[in-house]
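A structural walkthrough
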Amino acid sequence: MARERITLKSDSDIVLMREAGLITAAALKAVRDAIAPGVSTLELDALAESTIISMGARSNFKLVPGYNHTICSSVNDEVVHGIPSKERILQAGDIIKVDCGAITPPGWNGDSAFSMVVSGGDPELMARRQQISDACEGSLWAGIAAFAKAKRLNEVGRVIEKSIKDAGRYGILQDYIGHGVGRSMHEDPAVFNYQTRDLGPVVVPGLVIAIEPMITAGSQAVKILDDEWTVSTKDGSDSSHWEHTVARHSGGIWVLTAEDGGVAGLAKYGVTPVPLES
Ligand code: MG
Ligand code: MG
């Protein structure tokens, strides 16, 4: 494996990254509030974009070569990288995954994603889809809590995998993983969602990563659709994706894309996030 080039961030860099994180969070909140049966994923994309621009930032997804949207919207068996479309109308009971990011004028990135079950569907189907979302979100917070204390980074992946396995029989995507984030949306190091033989880089203050478990209700095998972007389960099973941008800094941990900095999500792990002063 090639040696990774990790760019550590200073505390003042992380304060600036918090702004990108909060703008990303605001865009995702606007999308979450608009999700309902009958809404197209292109409408959600427009909402995210207008929110980011109104806060003085830009979409970093639009900077990815060949990608022309502000969010990825992936429905049901689509796991990640789904392209918003006016033809894709949300149905009651769908499980949608929305991934979004913002880059601020100083050039710092946020990256975050959530899953949500669209209201009004068959109760049994909705309950099953809420379960996979809860399993995935739970593993994200377990992983973030592990990152607060980890000495080596792949401790995070080990904890994420255990959390998912404890929650039920779910598949974990192998080829799609988390990453470092900073002046680029995607930087080293790789952040695995499962145990690896390698312990990974030493965790030090200044490490800022996007942790993003992606799981399926069936086989972990995925395929890329004809649009050359959408990653979908091969067996058609449902999926979930959750993501936060998280910093380890001189005083502790801070979830940059969570409005509360991670207070609520980390409480059950006895971890208290530490905001930095600007
Ligand atoms: Mg993302
Ligand atoms: Mg990411």
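Residues numbered from 1 in each chain as written. Chains lettered and ligands numbered in written order. Predicted model: local features only at pLDDT ≥ 70, side-chain atom pairs only at ≥ 80, totals over all residues. Heavy atoms only, no water.

**Some remarks on the side chain of Thr230**
Here Thr230 lies in the loop between strand S11 (222-224) and strand S12 (231-233). Residue Thr230 is classed as buried on the basis of its relative accessible area, which comes to 2%. Here the side chain of Thr230 touches Asp227 through a polar contact of 2.5 Å, side chain to side chain. Those residues within four positions of Thr230 in sequence are excluded, and the remaining contacts are Glu78, Val80, His81, Gly82, Ile83, Lys223, Ile224 and Leu225. (Helix = DSSP H or I, 4+ residues; strand = E, 2+ residues; numbered from the N terminus. Buried < 20%, exposed > 50% of the residue type's maximum accessible area, 1.4 Å probe, protein only. Polar contact = N/O pair within 3.5 Å; in protein donor to acceptor, adjacent residues only side chain to side chain. Contact = heavy atoms within 4.5 Å.)

**Some points on the coordination of the magnesium ion (ligand 2)**
Around the magnesium ion (ligand 2), the protein contributes the donor atoms Asp111 (OD), His179 (NE2), Glu212 (OE) and Glu243 (OE), at 2.1 to 2.2 Å from the metal centre. Sequence positions of the donors to the magnesium ion (ligand 2) reduce to the motif D-x67-H-x32-E-x30-E. In this structure, the magnesium ion (ligand 2) lies 3.2 Å away from the magnesium ion (ligand 1), the two metals sharing Asp111 as a donor. Of this pair, His179 sits in strand S7 (residues 178-180) while Glu243 sits in the loop between strand S13 (239-241) and strand S14 (244-249), placing them 64 residues apart in sequence. Accessibility classification places His179 together with Glu243 in one group, the buried group. (Donors = N, O, S within 2.8 Å, 3.2 Å for Na, K, Ca; no water.)

**Side note on the packing of aromatic side chains**
Counted under the stated rule, the structure contains two aromatic pairs. The ring of Phe114 has Arg32 lying over it, and the distance from NZ or CZ to the ring centre is 4.6 Å. Here the basic side chain of Arg183 rests over the ring of Trp108, its NZ or CZ set 4.2 Å away from the ring centre. (Phe/Tyr/Trp six-rings, centres within 6.5 Å; stacked < 30°, edge-to-face > 60°. Lys NZ or Arg CZ within 6 Å of the ring centre and 35° of its normal.)

**A short note on the coordination of the magnesium ion (ligand 1)**
Here the magnesium ion (ligand 1) is held by the protein donor atoms Asp99 (OD), Asp99 (OD), Asp111 (OD) and Glu243 (OE), which lie 2.0 to 2.6 Å from it. Between consecutive donor residues of the magnesium ion (ligand 1), the sequence gaps follow D-x11-D-x131-E.

**Examining the sheet that holds strand S3 (residues 78-80)**
On the basis of which strands lie adjacent, the open sheet formed by three strands has the order S3-S12-S11 and antiparallel pairing. The strands lining the two open edges of the sheet, one partner per strand, are S3 and S11. Ignoring which end each strand starts from, the neighbouring axes of this sheet average 40° apart. Relative to S12, S11 is paired through three bridges, and the arrangement is antiparallel. When the sheet's bridge partners are listed, Lys223 is paired in S12 with Ser232. (Pairing = 2+ DSSP bridges. Axes fitted to C-alpha atoms, helices over the stretch in contact; angles between N-to-C directions.)

**Let's talk about the pattern of salt bridges**
Under the definition given, this model contains nine salt bridges. Arg129 is the partner of Asp238 in a salt bridge, and the nearest nitrogen-oxygen pair spans 3.0 Å. Linking Asp238 in the loop between S12 and S13 with Arg129 in helix H3 (residues 123-149), this pair joins segments that are 109 residues apart in sequence. Across the pair, exposure class does not vary: Asp238 and Arg129 are buried alike. (Salt bridge = Lys/Arg side-chain N within 4 Å of Asp/Glu carboxyl O.)

**Looking at the pairing of strand S15 (residues 252-255)**
Pairing of S14 with S15, which is carried by four bridges, proceeds in the antiparallel orientation. Paired with His249 across the bridge in S15 is Gly252. The hairpin formed by S14 and S15 contains two residues between the paired strands.

**What about the pairing of strand S9 (residues 208-211)?**
Sheet faces and side chains relate simply in a regular strand, where the side chains alternate between the two faces. Neither face of S9 is left uncovered, since the one carrying Val208 and Ala210 and the one carrying Ile209 and Ile211 both have all their residues buried. Strand direction decides the pairing type here: S7 and S9, joined by two bridges, are antiparallel. Within S9, the residue paired with Gly180 across the bridge is Ile209. Across four bridges, the pairing between S9 and S14 is antiparallel. Of the residues in S14, the one forming a bridge with Ile211 is His244.

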